[in-house]
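What follows is the residue order along each chain.
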Amino acid sequence: MTVNSYKNQPDERGHFGQYGGRYVAETLMPLVLSVEKAWNEAKVDPAFWAQFDDLAKNYIGRPSPLYFAEKTTKHFTNGDMGAKIYFKRDELNHTGAHKINHCIGQVLLAMRMGKTRIIAETGAGQHGVATATVCALFDLPCTIFMGAKDVERQSPNVFRMKLLGAEVVSVTSGSASLKDSMNEAMRDWVTNVHDTYYLIGTVGGPHPFPAMVRDFQSIIGKETKEQMMEREGRLPDTLIAAIGGGSNAMGLFHPFLDDADVHMIGVEAGGMGVDTDLHAASLEGGKPGVLHGMQTYFLQNDDGQIQEAHSISAGLDYPGIGPEHAWLFDRKRVEYVSVTDKEALDAFQLCSKLEGIIPALEPAHALAHVAKIAGTLPKDHILVMNLCGRGDKDIFTVADKLGVKI
Amino acid sequence: MSRIKKTFEVLKASGRKALVTFTMAGDPSIENSLAVLKNLPEAGADLIEIGMPFTDPAADGLTIQHAGQRALKAGATMKTTLQIVRDFRVDNNHTPIILMGYANPLYAYGLEGFAKDAKEAGVDGLIIVDLPPEEDQDLRKFTDAQGIDMIRLITPTTDADRLPVVLEGASGFLYYVSITGVTGTAKADLNALKPHIDLIKAQSDLPIAIGFGIKTPNDAQEMSALGDAVVVGSSIVEKVKDIGENGDGMGDVTSLVRSLSDVLGPRPDEGAY
């Protein structure tokens, strides 16, 4: 099959090639279909987008700046070589990450559907904080499921969620991390299907969530395109973003998918190394399977049992990846690489000292890959990295890794 | 005639509702899970559901989650599960066996090979919780070819508009999930179920098994009035959990199953099958 456009996915059944779909229990199926119906109506309703755009501008603070990282550019310059590096500053959004983009969108949709209670899963806590924030704004009760391990390593975000009025449920089942908090959210959803909306925090889950979250996050790529045309008068050469489930990357990449000259790189969490058992690189180290409502790549053993992911970054610590990424990976439209915990930690410190920006550990992975390639690219090569979150939440983890007591 | 069809015919003729039991393959150990299964027909199980352990059972409550974890810890795999079925069939050729679980282990096994090996082992039906009708074609291709029934789930949220989608291509029996929730939780309200089940009966001749939240003989008797079978899982699994390495506690499982069976009507002779 030849692909005329990379932007016409998924098909009407929610499939990106073999990936995606709606692999959910029958109890949820009618609800998933009603979310799809509501989304199909909302996405062509100018009033819906007017409200979204207004909140994006005045509540989130969009557009986020496209910042020329001059010192980082100089740092990686190697004689005649060295790409010109821009950061898309989504860490400056209200709540400090890109997650708020799809939270606003989905809460507006949930209210349109008449749902009166919101649930969500969270890994690093960024999606949980963003969900709790928007729920506070719209007076909706919300329950956030968070792996017990993450509750411990992301305690500032747990406190934030509680301040915002959310109930935080510490999930101890399974491996007590992000995948298990998704299982627990599904169990809650199946039980409270009549009044509850599951606000999925990535480009994953059953259709229409991967496409819908992508559409909300595409604001990142659309702005980048406009800002780059304004600044440089042309499109960038390379886009780089970190990938756990893949929402910030999909948001940056999607508007550029049909621009053949724009190279895109998704950076997975390599943990202790993809040749070990301790990583979260589902494309590099996993194989296709079915979980959490979708078919995509998952870390699993030969018997189809899902393996625990490992990453220094709680937000990337997920054994799967959004189905559209799986599709783009198979078609080689996007290049997928991985960097280790150690490389991300180095990039985290470098960015803090060099730019005066403490990045989240998630985009620190993207920066670690920038560090590997920037010096090999010509000086007129324009590279945009999605700085998708700020690092305040990570300072305890980082201090611990560096052997510092705070 | 398939074992499932035959069983429902025989039971109907003798005025009995079917008892469907659920236990997890490999729980509490591979050997003892087989021993439990071998005791079930005599104790009163008319159809047997066997859970295929999975790391991420998103539709199950704690009891079944833990059973799966015990089984995986005991070394259960898809291969040992199929072997358990084979070993069960050595001295039972009439009790239908339905494997229940999640899609990923089947995909990892290979759908075509799984359908073939399951048939050869003596499996009669499959319930794959996360394969709704919209997503089960890939597997059905192969199970249809093998004559394995794909048991469809109907829930309180399956409304009149959607019901035909679920009934299209359904075979064996229909599994009515009586609550919106995970396994092992509260019992459904009988009066609330009746109109929905009547709606299903008007559109399908397949037997209806009612499951989720049925724990005691009392529950079983009450719910059986609405359908052709009741499914009991979590309360049996709670007893299986306490079986010792030497088989201590097996009797508690058998007596629970017997007490559930006794309220459902007279059991036909084995010769009737």
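Residues numbered from 1 in each chain as written. Chains lettered and ligands numbered in written order. Predicted model: local features only at pLDDT ≥ 70, side-chain atom pairs only at ≥ 80, totals over all residues. Heavy atoms only, no water.

Describing the domain arrangement of chain A
Residues and elements named next belong to chain A. Taken domain by domain, chain A holds domain 1 (22-56 + 99-213) and domain 2 (63-96 + 215-401). Look at where the C-alpha atoms of domain 1 and domain 2 centre, and you get two points 23 Å apart. In this assembly, domain 1 packs against domain 2 so that about 3200 Å² is buried in total across both faces, 59% of it on carbon and sulfur atoms. A per-residue breakdown of the area domain 1 buries against domain 2 is headed by Tyr23, Arg153 and Lys179, which together make up 20% of the total. Where domain 1 touches domain 2, the interface holds 0 salt bridges. Taken together, the connections running from domain 1 to domain 2 amount to 15 residue pairs in polar contact (both at pLDDT 80 or more). (Domains from an automatic or database assignment. Buried area = accessible area lost by both parts, 1.4 Å probe. Salt bridge = Lys/Arg side-chain N within 4 Å of Asp/Glu carboxyl O. Polar contact = N/O pair within 3.5 Å; in protein donor to acceptor, adjacent residues only side chain to side chain.)

Side note on the pairing of strand E10 (residues 263-269) of chain A
Residue and element names in this part refer to chain A. Of all 7 residues in E10, 6 are buried; the element is thus mostly enclosed. Summarising the sheet, strand E9 (residues 238-243) and E10 pair through 6 bridges and their orientation is parallel. Counted as the bridge partner of Ile243 is Glu268 from E10. What joins E9 to E10 is helix H11 (residues 247-253), and the crossover it makes is right-handed. (Buried < 20%, exposed > 50% of the residue type's maximum accessible area, 1.4 Å probe, protein only. Helix = DSSP H or I, 4+ residues; strand = E, 2+ residues; numbered from the N terminus. Pairing = 2+ DSSP bridges. Right-handed = clockwise from strand over helix to strand, strands pointing away.)

Re a nonpolar patch on the surface
A surface patch of nonpolar side chains, about 540 Å² in accessible area, is lined by Ile358, Ile395, Phe396, Leu402, Val404 and Ile406 of chain A. A residue is classified by how much of its surface remains accessible, and Leu402 of chain A, at 40% relative accessible area, is partly exposed. (Patch = residues over 30% accessible without salt bridge, like charges linked within 9 Å, V, L, I, M, F, W, Y side chains within 5 Å. Areas by Shrake-Rupley, 256 points an atom, 1.4 Å probe, with all protein chains shown as cover.)

Here we look at the nonpolar core
By size, the foremost hydrophobic cluster in this structure holds 186 residues, and its most contacted members are Leu109 and Tyr197 of chain A together with Leu99, Phe114, Leu126, Phe173 and Tyr175 of chain B. Once residues within four sequence positions are removed from consideration, Leu126 of chain B is found in contact with Ile98, Leu99, Phe114, Leu139, Thr143, Ile148, Asp149, Met150 and Ile151 of chain B. Counting 29 residues, the second largest nonpolar core, distinct from the first, contains Ala269, Val339, Ala368 and Ile373 of chain A. (Core = buried A, V, L, I, M, F, W, Y, C linked by side-chain atoms within 4.5 Å. Contact = heavy atoms within 4.5 Å.)

Here's the deal with the side chain of Glu223 of chain A
Residues and elements named next belong to chain A. Following the sequence through the fold, Glu223 ends up in helix H10 (residues 219-232). Overall, the relative accessible area of 10% leaves Glu223 in the buried class. Leaving out residues up to four positions away in the same chain, Glu223 has contacts with Arg62, Pro63, Ser64 and Lys88.

Let's talk about H10 of chain A
Taking 1.5 Å per residue as the helical rise, H10 of chain A with its 14 residues ought to reach 20 Å, and the 19 Å between its terminal C-alpha atoms agrees with that figure. Looking one or two places after H10 of chain A, you find Gly233 of chain A, whose phi comes out positive at around 70°. (Expected span 1.5 Å × (residues − 1).)

Overview of the packing of helix H2 (residues 30-43) of chain B against helix H12 (residues 250-262) of chain B
Residue and element names in this part refer to chain B. It is at 9 Å that the axes of H2 and H12 come closest, and there the two elements cross at 30°. Considering the angle they form, H2 stands roughly parallel to H12. The chirality of how H2 crosses H12 is right-handed. Mapping the contact onto sequence places Asn32, Ala35, Val36, Asn39, Leu40, Glu42 and Ala43 in H2 and Met250, Val253, Thr254, Val257, Arg258 and Ser261 in H12. When the residues that make up the contact of H2 with H12 are grouped by side-chain class, the tally is 7 nonpolar, 4 polar and 2 charged. (Axes fitted to C-alpha atoms, helices over the stretch in contact; angles between N-to-C directions. Parallel < 35°, antiparallel > 145°, perpendicular 65-115°, else oblique. Left-handed = near helix turned anticlockwise from the far one by under 90°. Nonpolar A, V, L, I, M, F, W, Y, C, P; charged D, E, K, R; others polar.)

A few points about the pairing of strand E6 (residues 142-147) of chain A
Walk down a regular strand and you will see the side chains alternate between the two sheet faces. All names here are of chain A. Burial runs high along E6: 6 of the 6 residues are buried. Pairing of strand E5 (residues 117-122) with E6, which is carried by 5 bridges, proceeds in the parallel orientation. By the bridge assignment, Ala120 is partnered in E6 with Ile144. Since E5 and E6 lie parallel, the crossover through helix H5 (residues 126-137) that links them has a hand, and here it is right-handed. Where E6 meets strand E7 (residues 167-171), 5 bridges bridge the pair, whose relative direction is parallel. By the bridge assignment for E7, Gly147 is matched with Val171.

Regarding the interface of chain A and chain B
You'll often see interface size given as the accessible area lost when the parts meet. Taken residue by residue, the interface counts 32 residues in chain A and 36 residues in chain B. Taken together, the two surfaces of chain A and chain B that pack against each other cover about 2800 Å², and 50% of this comes from carbon and sulfur. Across the contact surface, chain A and chain B share 2 salt bridges. A salt bridge links Lys179 of chain A to Asp56 of chain B; the nearest nitrogen and oxygen atoms lie 2.9 Å apart. Viewed at the interface, chain B and chain A are joined by 19 residue pairs in polar contact (both at pLDDT 80 or more). Breaking the side of chain A that touches chain B down by element, the ones donating at least two residues are strand E2 (19-23), helix H1 (29-42), helix H8 (178-191) and strand E11 (287-291) of chain A. Split into classes, the residues belonging to the side of chain A that touches chain B amount to 12 nonpolar, 12 polar and 8 charged.

Structural notes on the state of the cysteines
Under the definition given, this model contains 0 disulfides over all chains. Note on Cys351 of chain A: no disulfide assigned, nearest cysteine sulfur contributed by Cys388 of chain A at a separation of 12 Å. (Disulfide = S-S within 2.5 Å.)

Observations regarding the pattern of salt bridges
Residue and element names in this part refer to chain B. Counted according to the given criterion, the structure contains 37 salt bridges over all chains. Taking the shortest distance from any N to any O, the salt bridge between Arg86 and Glu120 comes out at 3.2 Å. In this pair, Arg86 is assigned in helix H4 (residues 78-89) and Glu120 in helix H6 (residues 111-121), connecting sequence segments 34 residues apart. Between Arg162 and Glu134 there is a salt bridge, and its shortest N-O distance comes to 2.7 Å. Remark: Glu134 occurs in the loop between strand E4 (125-128) and helix H7 (137-146) and Arg162 occurs in the loop between strand E6 (152-154) and helix H8 (163-167); sequence separation between them is 28 residues.

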